[in-house]
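An overview of the molecular structure
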Amino acid sequence: MDIVADELFDKENTQEYLLSIQISLGGFSFIVASAKENRLLAWKNTPLTITSVQFLQKRFQEWLDMEEILKQQYQKVHLIFDTKEFVPVPEKYYEEQESKKLVESVFELSSSEFEIAENQVNVHDLRLLFTLPKGLKGYLSEQFPDLEIFHPLTICIENLPEISADRNGLIILFSSGYFYLVLFREQKLLLANSYNLSHKNDIIFYTLSTTKQYHFNPTKTDVFIAGDIYGGEETILEIKEYFTSTQLLKPAKDIEINTEIFNTQEYSLYNLQNSVL
């Protein structure tokens, strides 16, 4: 698809703009926002089917070469790398080398093929460790000096939606071939996990079984949905059959969005990117 842009977007003068890029097996996307105007200016989504993370860097390089907008200078650049291979480690148990060995052992990875990135999540006093293909971090740093790399769950759990103290909170974040569940209560994180996804029944099964394990009453649970929603509106309606309080997850930071240009259902794909800017 072509880039979708606000009329205020000046592609020749991007030095004061913020850029957020997302990489996943389902493709690549980016948004551009104005910090000065606090306004979403442009976004583009390129859906792809990438069969293995080993091919990600090559495909990303090809995509980057074609996107002239990304070769401009920006005030700040963030990158969100979406992988289901992650481990949250409480800060009090964190030790750099041992924690990285834990990730390698949990996912049976070879250090010759992968490297470990980490995000510090101060609000919940933990580190979130996740995998990157070997060499990708170095390549990205060459393309975008001072780049910050985030896992999507880092952004999720740093910006949990505010809910009543007597309610449970559940975020369902969709990705390519899997989805995440984030459970929280009284703004405290209870669980962040990923689940394989090949049919809509997987969503209902894992969501109901996991919330039951944590004693979440569906009538007292607020559900927030984000990402490239598997099955679209039909999936949302099915979730509402069990959890009546279900809505799209809004950006954590208020940002002006021209909804005549940016369809709300479409920009929900990028709400996490908005949150990190």
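As the structure is a prediction and not an experimental result, all values here were calculated from the model. (Residues numbered from 1 in each chain as written. Predicted model: local features only at pLDDT ≥ 70, side-chain atom pairs only at ≥ 80, totals over all residues. Heavy atoms only, no water.)

Let's shift gears to the overall build of the protein. Of regular secondary structure, the protein possesses eight helices and 14 strands. Relative to the 2.2 N^0.38 estimate, which gives 19 Å for 277 residues, the radius of gyration of the protein is 19 Å and therefore close to what a compact globule would have. Projected onto its principal axes, the C-alpha coordinates of the protein cover approximately 55 × 50 × 35 Å. The buried share of the protein, taken over its 277 residues, is 52%. Across the protein, the fraction of contacts at a sequence separation of at least 24, relative to all contacts at a separation of at least 6, is 62%. Only carbon and sulfur atoms are counted for the fraction: they give 46% of the accessible area of the protein, which is about 13800 Å². Taking the average location of the 24 positive side-chain charges in the protein and that of its 41 negative ones, the two points are 4 Å from each other. (Helix = DSSP H or I, 4+ residues; strand = E, 2+ residues; numbered from the N terminus. Rg over C-alpha atoms; globule rule 2.2 N^0.38 Å. Buried < 20%, exposed > 50% of the residue type's maximum accessible area, 1.4 Å probe, protein only. Contact = heavy atoms within 4.5 Å. Areas by Shrake-Rupley, 256 points an atom, 1.4 Å probe, with all protein chains shown as cover. Lys, Arg positive; Asp, Glu negative; His and termini not counted. Charge placed at Lys NZ, Arg CZ, Asp CG, Glu CD.)

Before going further, it helps to spend a moment on the sheet that holds strand S5 (residues 76-81). Sheets are built from strands that pair by backbone hydrogen bonding, the pairs being arranged parallel or antiparallel. Reading across from one edge, S1-S4-S3-S2-S5-S9 is the order of the six strands in this open sheet, with mixed pairing throughout. Each edge of the sheet is formed by a strand with only one pairing partner; in this case those strands are strand S1 (4-5) and strand S9 (148-150). Of the strand pairs in this sheet, S5 and S9 are connected by three bridges, and their pairing is parallel. Paired with His78 across the strands is Glu148, a residue of S9. The strands touched by helix H1 (residues 56-66) within the sheet are strand S2 (17-24), strand S3 (27-34), strand S4 (39-47) and S5, with S3 carrying the most contacts at an inclination of about 50°. (Pairing = 2+ DSSP bridges. Axes fitted to C-alpha atoms, helices over the stretch in contact; angles between N-to-C directions.)

Applying the stated criterion across every chain yields a total of 12 aromatic pairs. Arranged with centres 6.4 Å apart and planes meeting at 55°, the rings of Phe179 and Tyr206 form a pair that is tilted. Placement of the pair is Phe179 in strand S11 (residues 178-185) and Tyr206 in helix H5 (residues 200-213), with a sequence separation of 27 residues. Look at Phe205 and Tyr206: their rings are 5.2 Å apart centre to centre, the planes differ by 70°, and that puts the pair in the edge-to-face class. Exposure remark for Tyr206: the relative accessible area of 28% places this residue in the partly exposed category. Put simply, the rings of Phe174, Phe179, Tyr195, Phe205 and Tyr206 pair up and form one aromatic cluster. A cation over an aromatic ring shows up here: Arg127 above the ring of Tyr94, its NZ or CZ 4.1 Å from the ring centre. (Phe/Tyr/Trp six-rings, centres within 6.5 Å; stacked < 30°, edge-to-face > 60°. Lys NZ or Arg CZ within 6 Å of the ring centre and 35° of its normal.)

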